[in-house]
Amino acid sequence: MQNTKPGLTLLSEALDIAFSEVPVHRDVEDRFLTDCYGAVLRQDVTARVSVPSVDNSAMDGYALRFADLAAINGPVDVVGTSLAGHPYEGILPDRCAIRIATGAAIPDGADCVIIQENVSANAAETCIEISSDVIARTVLHQNIRWAGEDISQGDIVLKAGAILRPQDVAIAAGQGYGSLKVSRPLRVAVFSTGDELAKPGDPLPPGGIYDSNRFAMIGMLRETGCVVTDLGLLADDFDVLRNALQDAANSHDVVMTSGGVSVGKADLLKPVVDQLGEITAWKLAIKPGKPLMRGKIGDCLVIGLPGNPVSVLVSGLLYVMPLLRHVMGADKSQTVPVRMPVRAGFEFSRGTGRREWLRARLIQNDDGEFEAEAFASTSSGMLSSMVWAEGLVEIPEDCGKVSKGDVVLYLPLRGLQ
Ligand code: AMP
Ligand code: MG
């Protein structure tokens, strides 16, 4: 049983609940391969052809019959060539060789390839000499790549739910697919809330701060393959927020906001969403990012992130991006961040009850081993800590102390995006 503060939900539980409550959207579109990077695949991709399609040579050299080699004592006639796309037609005659290029079909009758560097050919390349040493070292099937060794026709080469990487798009291309069925991108409306906020580019009023969260949210959403509508800044005013949320919800799949989800006087997002729709989840047992709202207005998913810039990024990476990928049909395994065990190069203690992420990066210690270094402050207001960080160290709910040398889980930030 994990030691969680009452009234708070574990991140893993919150994600499981969100995955089961928020349905995968149905809209699927056919997209040309070059527009598929980062998209969620919504079909299985079945191999139409075997790769390689025929047995072929892994090297430039000479194709021979292995059984002939023992009897060779003198020059061997080169009776033809097999080039990629131009196979040797016919059967390899006894005790002869075929000049062969990398990727070219192995001629019928040949069953090994000796690389060109290991033989000496005459100027016209009509015959070759093979030393007894080279013959002794040659084995049956040497340098042959078998038909279907990479992919067999009928294999499923990509499964629905994959987030497409360059190699995934490439394998589909290699199977002759010109387009793939992928998820329609989610339409997400984004705004920041707070009377203190000013738009970057505008003069800063006394006591004001520039809105940075919107730019973190938009970046993460684009990274997730969403189409973003930037709705700018909204004041801490019930009617302003209600009208803007209702409008945005009418024409988007998701509305995502920052600020105003705490319990202060100016924190109005919760009552507004309560009035327009329903709130399904609030506070999570995480740090940073505890006040995190999930709700619904009609069919539109509403996600209210806290105002602190680090909370926006951490809860965005660990909760929002996985959830939105799920909505676009990504397999769960594709949405869970990579966690790897490393030794802590720092000391840390705290009160238990929440899962916490420290801003971290890996450094090599004097023994050449990588260990995690943690940012000096755990404040969720310090955006500079996320710029410094290359990863996060995850502290489980019941862990109150980390000593130098303890094994901790490290989440590379690149793997999270
Ligand atoms: P809130 O969740 O609205 O109480 O905001 C928490 C803290 O985050 C406050 O110090 C805000 O000034 C700051 N904050 C809120 N929204 C933003 C934003 N869009 N960009 C930068 N900081 C913000
Ligand atoms: Mg606020």
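Since the model is a prediction, treat every value here as computed from it, not as a measurement.

Draft legend 1. Quick look at the layout of surface pockets. Here the largest pocket defines a volume of roughly 520 Å³. As for the largest pocket, its lining consists of 36 residues, of which Gly259, Gly260, Pro306, Gly307 and Asn308 are closest to the centre. For the lining of the largest pocket, the secondary-structure elements that each account for two or more residues are strand E15 (209–210), helix H8 (309–327) and strand E24 (355–364). Element by element, the count of residues in the lining of the largest pocket is highest for E24, at 3 residues. Looking at side-chain class alone, the lining of the largest pocket contains 12 nonpolar, 14 polar and 10 charged residues.

Draft legend 2. Representation of the sheet that holds strand E20 (residues 293–297). Spatial ordering of the open sheet is given by E16-E13-E17-E21-E20-E18, a layout of 6 strands whose pairing is mixed. Two strands close off the open sheet at either side, each with one partner strand: strand E16 (227–234) and strand E18 (278–281). Going across the sheet, the axis of each strand differs from the next one's by a mean of 25°, ignoring polarity. Pairing analysis gives 5 bridges linking strand E13 (residues 187–193) to strand E17 (residues 254–258), with the strands arranged parallel.

Draft legend 3. Summary view of the site of ligand 1. If you check the shell around ligand 1, you find 15 residues, and the closest are Glu196, Asp211, Ser212, Gly260 and Gly307. The backbone of Asn213 places a nitrogen or oxygen atom 3.4 Å from a nitrogen atom of ligand 1. A distance of 3.0 Å is found between an oxygen atom of ligand 1 and a backbone nitrogen or oxygen belonging to Gly307. Burial of ligand 1 by the protein amounts to 74% of the accessible area it has alone, namely 480 Å². Here ligand 1 is seated within the largest pocket.

Draft legend 4. Layout of the packing of helix H5 (residues 213–223) against H8. In the contact formed by H5 and H8, the axes pass within 10 Å of each other and the chain directions differ by 25°. Compared by their axis directions, H5 and H8 come out roughly parallel. Every pair of crossing elements has a handedness; the one defined by H5 and H8 is right-handed. Between H5, through Asn213, Ala216, Met217, Met220, Leu221 and Glu223, and H8, the contact on the second element is made entirely by Pro309, Val312, Leu313, Gly316, Leu317, Met321, Leu324 and Arg325. Taken together, the residues that form the contact of H5 with H8 break down as 10 nonpolar, 2 polar and 2 charged.

What counts and what doesn't
- Residues numbered from 1 in each chain as written.
- Chains lettered and ligands numbered in written order.
- Predicted model: local features only at pLDDT ≥ 70, side-chain atom pairs only at ≥ 80, totals over all residues.
- Heavy atoms only, no water.
- 1 Å grid on protein atoms, 1.4 Å probe; cavity = no way out; pocket = protein on both sides within 12 Å on 5 of 7 lines; lining within 4 Å.
- Points joined across faces, edges and corners; volume = space filled by probe spheres on them.
- Helix = DSSP H or I, 4+ residues; strand = E, 2+ residues; numbered from the N terminus.
- Nonpolar A, V, L, I, M, F, W, Y, C, P; charged D, E, K, R; others polar.
- Pairing = 2+ DSSP bridges.
- Axes fitted to C-alpha atoms, helices over the stretch in contact; angles between N-to-C directions.
- Near = heavy atom within 4 Å.
- Polar contact = N/O pair within 3.5 Å; in protein donor to acceptor, adjacent residues only side chain to side chain.
- Areas by Shrake-Rupley, 256 points an atom, 1.4 Å probe, with all protein chains shown as cover.
- Sits in = over half its atoms within 2 Å of the grid points.
- Parallel < 35°, antiparallel > 145°, perpendicular 65-115°, else oblique.
- Left-handed = near helix turned anticlockwise from the far one by under 90°.
- Contact = heavy atoms within 4.5 Å.

So far we have only geometry, and geometry alone does not tell us how the molecule works.
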